[in-house]
Each structure stands twice: as C-alpha cells, then as structure tokens.
Amino acid sequence: MARQIAGSRKEQNMDKKISVIVPIYNVEAYIAKGIEALCGQTYANLEILLIDDGSTDSSGRICDAYAAGDARIRVRHIENSGQSHARNVGMEMATGELIGFVDGDDAPLPDMYRRLAELMEAHAAEMVECNFVGRNSPPPDQLEEGGVFVLDGREALHKQLDMEHRSRYPSTSVWSKLFKREIIEDLRFPDGRIHEEYCYLCQALYRCRTYVYVNEILYSRTIRKDSTTKERFSLRTLDKLEVHRERNRFLEETGDRELLELSKAQEYNLMIHFYNQADKNGMKKEAAALLQELRRERRAVMESRLPAKKKLIMVLFYFNTKLYRMVRDLKK
C-alpha cells in the first residue's frame, strides 16, 4: 500500500552526476527548447547525451551548436535505427550514477532533476517519478498537489498492471522518471520497436526496492500527431502486443503468478482493442489472426483478471462476433 509522505524541501547533497539521454529524430522545431531546458536545470551536475538518430532535418546541427557552448553536452550521430536503439546508445555512453530520459520534442521544467534527486536521496529510492503536463486524457485519479507517495517496487508494478484500479502512477513512460543506474545497468530497450517501455519498466520496477511518486508537474510533454506512438493504426502498431508478451515472459520467469495474471489481462484487453482497430481499418488478415487467437484463448480470457465490464463485452464477442461488431459500431 502506498505511503503518503509530507513533502520535504530540505536541501540534500546533490553531488551525484545525472546522465540524461535524449533520442532525437527530425525534431528541429522542438529540440532547442528541450536542450535549453536541460542546460537551465537547477541541478547542475548533468551529463546531457544527445543521440541524433539519423535526422534528415537540422536537428543534428542544432545539437552540435549547443554542444560547442556547454561542456556537459555530448552528441552522437548514428544511422537511423529507431528510438529504442538511440536510447541504448545513450546508455552505453552514460557515466552518471543516476539516469534520466527526455524525448527530443519535450522539455523538463527547471527543478525537475533537483527535485527528483532530493526525493531519491531522502527515501533511499531506486526510482522516482513526477507528474507532467501534456496528457491525452485527464488523470484517472485525484491526488493531493505536491503529495509524495512511497511504495516498494513490486507494489508499484502491481499498481501499474491492475486494470481494476487505474492510477496516474507509475506511468508507462521513462521520461517522467529518474533511475539509479544499478537497477537498469544491464537493461536494454528492444531495438526497432515502438511502445518499447512496457517490458523495460516492468523489469526495472521488479528490481526496485523503493519507488517514489511526487505529484508535482515537472515535465512538459509535447503531443504531436506525427509521433511514433500517435501514428495511424498499422502493422507497426502491433509491436505493442509483442512488447506486452515479452513482459509476460519476464514475469513468468520470476514465478510471480499474481503479476503475470494482471499482465496477461492487459494483453487480452489489448488484443480485443487491436482486433477492433484492424477490423475498422480494413486489415482483414490481421483482424482474422487476432480473432482466431482470441477464440483459441477463450477460456483463458474469461478466467483472466479482466475487469467484470470487459468480461461482459467478451461474452457478446464470443457468443456472436457479428452482433458484437454491430453493437460496437453503433456505440461509435
């Protein structure tokens, strides 16, 4: 159960270096703002790692110009390989004891890393997370502004996986967090995939003894129609399903049945969502494959930890898929 702690502003010893990894691809309209936000952090002991992932616009040149004026900035230019690979390159370069991630079109607020580092030291935590501005929808819960919530890593992971009790924390993004290097030292993002953070964060939280969430907006997220996670439904979107299955395989190896059951419920929920999207977008082959798999997994789906309302929908789905589609389309 999360423990809410009265927020403390006591100054801590901030001598640990934070390596901030920024994957960059064709974000010339945004990257200067992000770099300036990092250079202006009130926590000065930063290593700013800008990974230019084969940009075809002026993003790489902008990075080089900033690096010439600030010794904390290091730039690496690589062939375009995707955000996951760029983050992995950053991890290989990082020399800090603490690790942060920022997306190339976003910007941390001035106190972000100072505040997260303070909380990490105050609670002997391995992972600290903040609130952010730029949500696709309102947060699913109400929390005291400035509240600090402390959980052990497994509790935090349970909270993230549990579909019955939705919460704004822990999020499934790495950019709202600060990590102790030791818990992610050997973790890597799956190359060439989008939605790559699900399995990565599952492994990190499972290793984490103490996780802290502070309900302060310390990160500004940019919502773009052309971002990798907002693109129109396509074959590439199905990466998310495979990443969920990688997470399941990891949890199966741990032997933690409860967490595995919660994760599999999310997988089944995603499968029906993707079936709907493939069906509506004319992707007949993919829709048929998902339909066949859902039918094959019928017993497992109905015995899973899916919320009751979701299971009621699945009853109709299994009883008469054609009628289910008619009702679904009518609701839209």
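Provided above is the structure to which this section pertains.
Each value, and the rule that gives it
Residues numbered from 1 in each chain as written. Predicted model: local features only at pLDDT ≥ 70, side-chain atom pairs only at ≥ 80, totals over all residues. Heavy atoms only, no water. Helix = DSSP H or I, 4+ residues; strand = E, 2+ residues; numbered from the N terminus. Rg over C-alpha atoms; globule rule 2.2 N^0.38 Å. Buried < 20%, exposed > 50% of the residue type's maximum accessible area, 1.4 Å probe, protein only. Patch = residues over 30% accessible without salt bridge, like charges linked within 9 Å, V, L, I, M, F, W, Y side chains within 5 Å. Areas by Shrake-Rupley, 256 points an atom, 1.4 Å probe, with all protein chains shown as cover. Salt bridge = Lys/Arg side-chain N within 4 Å of Asp/Glu carboxyl O. Phe/Tyr/Trp six-rings, centres within 6.5 Å; stacked < 30°, edge-to-face > 60°. Axes fitted to C-alpha atoms, helices over the stretch in contact; angles between N-to-C directions. Parallel < 35°, antiparallel > 145°, perpendicular 65-115°, else oblique. Left-handed = near helix turned anticlockwise from the far one by under 90°. Contact = heavy atoms within 4.5 Å. Nonpolar A, V, L, I, M, F, W, Y, C, P; charged D, E, K, R; others polar. 1 Å grid on protein atoms, 1.4 Å probe; cavity = no way out; pocket = protein on both sides within 12 Å on 5 of 7 lines; lining within 4 Å. Points joined across faces, edges and corners; volume = space filled by probe spheres on them. Core = buried A, V, L, I, M, F, W, Y, C linked by side-chain atoms within 4.5 Å.

### As for the overall build of the protein chain
Here is step 1: Looking only at helices and strands, the protein chain has 13 helices and 10 strands in total.
Here is step 2: Radius of gyration (C-alpha) of the protein chain: 21 Å, near the 20 Å computed for a compact globule of 332 residues.
Here is step 3: Dimensions along the principal axes, computed over C-alpha positions, put the protein chain at roughly 65 × 45 × 35 Å.
Here is step 4: Sorting the 332 residues of the protein chain into buried and exposed places 53% on the buried side.

### Some points on a nonpolar patch on the surface
Here is step 1: There is a patch of nonpolar side chains on the surface, built from F319, L323, M326 and V327 and spanning about 410 Å² of accessible area.
Here is step 2: Broken down by element, the residue count for the nonpolar patch peaks at three residues, all from helix α13 (residues 321-331).
Here is step 3: Within the secondary structure layout, L323 lies in helix α13.
Here is step 4: What makes L323 partly exposed here is its relative accessible area of 35%.

### Re the pattern of salt bridges
Here is step 1: For the structure shown, the criterion picks out 27 salt bridges.
Here is step 2: The residue R87 makes a salt bridge to D103 at a minimum N-O spacing of 2.9 Å. On the criterion of sequence distance, the pair formed by R87 in helix α3 (residues 83-93) and D103 in the loop between β5 (98-101) and β6 (107-108) is long-range, its members being 16 residues apart. The pair formed by R87 and D103 is uniform in burial state, with each residue classed as buried.
Here is step 3: For the salt bridge of E196 with R87, the shortest nitrogen-to-oxygen distance reads 2.7 Å. Placement of E196 in the loop between α6 (181-184) and α7 (197-207) and of R87 in helix α3 is noted, with a sequence separation of 109 residues between them.
Here is step 4: A relative accessible area of 0% places R87 in the buried class.
Here is step 5: Counted as one network, the salt bridges with shared partners bring together D111, R114, R115, E118 and E216.

### What about the packing of aromatic side chains?
Here is step 1: For the coordinates displayed, the defined rule picks out 14 aromatic pairs.
Here is step 2: Measuring from ring centre to ring centre gives 4.9 Å for F132 and W175, while their planes differ by 85°; the resulting arrangement is edge-to-face. In this pair, F132 sits in strand β7 (residues 127-133) while W175 sits in the loop between α5 (153-161) and β9 (177-180), placing the two residues 43 residues apart along the sequence. With respect to class, F132 is no different from W175; both count as buried.

### Points about the packing of helix α8 (residues 239-254) against helix α9 (residues 257-280)
How two helices sit against one another is set out by the angle between their axes and by the gap between those axes.
Here is step 1: Across the interface, α8 lies against α9 with an axial gap of 9 Å and an inter-helix angle of 165°. It follows that α8 is roughly antiparallel to α9 by the angle criterion. Crossing of α8 against α9: the hand is left-handed. Contacts from K240, L241, H244, R245, R247, N248, L251 and E252 in α8 reach L259, L260, S263, K264, Q266, E267, L270, M271 and F274 in α9.
Here is step 2: Split into classes, the residues belonging to the contact of α8 with α9 amount to seven nonpolar, four polar and six charged.

### A few points about the layout of surface pockets
Here is step 1: Of the pockets and cavities examined, the second largest pocket occupies roughly 190 Å³.
Here is step 2: Forming the boundary of the second largest pocket are 10 residues, of which L151, E155, H158, K159 and H165 lie nearest the centre.
Here is step 3: Element by element, the count of residues in the lining of the second largest pocket is highest for α5, at three residues.
Here is step 4: For the lining of the second largest pocket, the class distribution of residues is three nonpolar, three polar and four charged.

### Description of the nonpolar core
Here is step 1: One finds I51, F101, M127, F179, I184, Y211 and L251 to be the most contacted residues of the largest nonpolar core, which totals 37 residues.
Here is step 2: Ranked by residue count, the leading element in this core is α7, at five residues.
Here is step 3: The residues contacting F179, other than those within four sequence positions of it, are E97, L98, I99, F101, M120, E126, M127, V174, I184, L201 and A204.

### Notes on the environment of M163
Here is step 1: Residue placement: M163 occurs in the loop between α5 and β9.
Here is step 2: Residues M163 and A265, 102 residues apart in the sequence, show an inter-C-alpha distance of 8.0 Å.
Here is step 3: With near-sequence residues (within four places) excluded, M163 lies in contact with A265, Q266, N269, L306, P307 and K310.

### Concerning unusual backbone geometry
Here is step 1: Between Y169 and the following residue, P170, the backbone shows a cis peptide bond with an omega angle of -10°.
Here is step 2: With respect to the element layout, P170 can be found in the loop between α5 and β9.

Treat this as a map of the structure, not an account of what it does.
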